[in-house]
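Topology and contacts: notes
Next come the chains, spelled out residue by residue.
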Amino acid sequence: MKNRILLISLVFLIFTGCVGISSKGFFGSGVSIAFDPRSLGTQIDDSVMQKNLSARMILRDKSYLLSVSTNVLDGRIFLTGKVDNPEEKLQLTKLAWETKGVRSVKNDIKIKEEFSFKQSAKDLLITSQLRTAMIFNRQIKATNYQIDTYKKKIFIYGISLTSDERKEVISEAKEILDVKDVIASIVLVEDLRIQKN
């Protein structure tokens, strides 16, 4: 009886590990599968690329697990986070370009500085304000975007259904108080390699 309960628990854990319950979405691309206009094949390709790159980064230095974030959309790799020196940033860019299937690399990794609780709190507030504004804006599919803020600069990654939606997202970001800059890496559905039919 104990073995049966253990087996059922194990199967349950395996299957729930495959379900998209986190904000990262089903395949870890930062976009919910239900609203993702990419084909399932493209989503899987992006997920494989992201996991491959993350694994190679962690093999190089375990600290990258917490300090660097990777996102892949339609073969485009986006890197964010912090590293100790410029050489590390260049090495990670090179590593990203060496990933099979990559179409482009956007490296927004910053060089580490002393931690500032005040700055981090402001960045978190800016991210939260933008996320809330996007959720309440009916012209935006808020689940299609990932937002990172660093030193009052907003980095937005995602897939936009139309160019009007992309403009609306950028407009919402620029309206947030204290924002210094908005760096948007938003791919239009029509620019994707393969779309859902």
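This one's a predicted model, so the numbers in the text were calculated from it and none came from an experiment.

The next thing to look at is the pattern of salt bridges. Per the stated rule, a full pass over the model turns up four salt bridges. Put simply, Asp84 and Lys112 hold a salt bridge, and the shortest N to O gap is 3.6 Å. Placement of Asp84 in the loop between strand S2 (76-83) and helix H4 (86-97) and of Lys112 in the loop between strand S3 (104-111) and helix H5 (117-136) is noted, with a sequence separation of 28 residues between them. By relative accessible area, which is 53% here, Asp84 ends up exposed. Lys112 sits in the partly exposed class, given a relative accessible area of 41%. With a shortest N-O distance of 2.5 Å, Lys94 and Glu98 are connected by a salt bridge. The structure contains a network of salt bridges with shared partners spanning Asp74, Arg76 and Arg103.

With that settled, the discussion passes to the pairing of strand S6 (residues 181-188). Remark: a regular strand shows side chains that alternate across the two faces of the sheet. In terms of burial, S6 is largely enclosed, as six of its eight residues are buried. As defined by bridge partners, strand S5 (residues 153-160) adjoins S6 across eight bridges and the pair is classed as parallel. Looking at S6, one finds that Gly158 is bridged to Ile186. The parallel pair S5 and S6, bridged by helix H6 (residues 163-174), forms a crossover whose chirality is right-handed.

Mapped onto the elements of the fold, Thr127 is located in helix H5. Classification of Thr127 by relative accessible area gives buried; the value is 18%. Setting aside chain neighbours within four positions, we find Thr127 in contact with Ile147, Asp148 and Thr149.

Averaged over all residues, the pLDDT of the protein chain equals 79, while 78% of them reach at least 70. Highest mean pLDDT in the protein chain belongs to H6 (94); lowest belongs to helix H1 (residues 2-18) (52). Low pLDDT (under 50) marks residues 15-29, which in the prediction has 28 contacts with non-local residues, meaning those over four places away or in another chain.

Quick look at unusual backbone geometry now. In this structure, Asp74 takes a positive phi of about 55 degrees despite not being glycine. Locating Asp74 in the fold gives a position in the loop between strand S1 (68-73) and S2. With a relative accessible area of 0%, Asp74 lands in the buried category. If you check the backbone angles, Lys152 has positive phi at about 65 degrees while not being a glycine. The residue Lys152 is located in the loop between strand S4 (145-150) and S5 in this model. When its relative accessible area of 16% is taken as the criterion, Lys152 is described as buried.

The subject of this paragraph is the packing of H5 against H6. Running from N to C, H5 and H6 cross one another at 140 degrees; their axes reach a closest spacing of 9 Å. In this view, H5 runs oblique relative to H6, as classed from their interaxial angle. In this structure, the crossing between H5 and H6 has a hand that is right-handed. Counting all contacts with H5, which are made through Leu130, Ala133 and Met134, the residues of H6 involved are Val169, Glu172 and Ala173.

Cut-offs and rules
- Residues numbered from 1 in each chain as written.
- Predicted model: local features only at pLDDT ≥ 70, side-chain atom pairs only at ≥ 80, totals over all residues.
- Heavy atoms only, no water.
- Salt bridge = Lys/Arg side-chain N within 4 Å of Asp/Glu carboxyl O.
- Helix = DSSP H or I, 4+ residues; strand = E, 2+ residues; numbered from the N terminus.
- Buried < 20%, exposed > 50% of the residue type's maximum accessible area, 1.4 Å probe, protein only.
- Pairing = 2+ DSSP bridges.
- Right-handed = clockwise from strand over helix to strand, strands pointing away.
- Contact = heavy atoms within 4.5 Å.
- pLDDT = per-residue confidence, 0-100.
- Axes fitted to C-alpha atoms, helices over the stretch in contact; angles between N-to-C directions.
- Parallel < 35°, antiparallel > 145°, perpendicular 65-115°, else oblique.
- Left-handed = near helix turned anticlockwise from the far one by under 90°.

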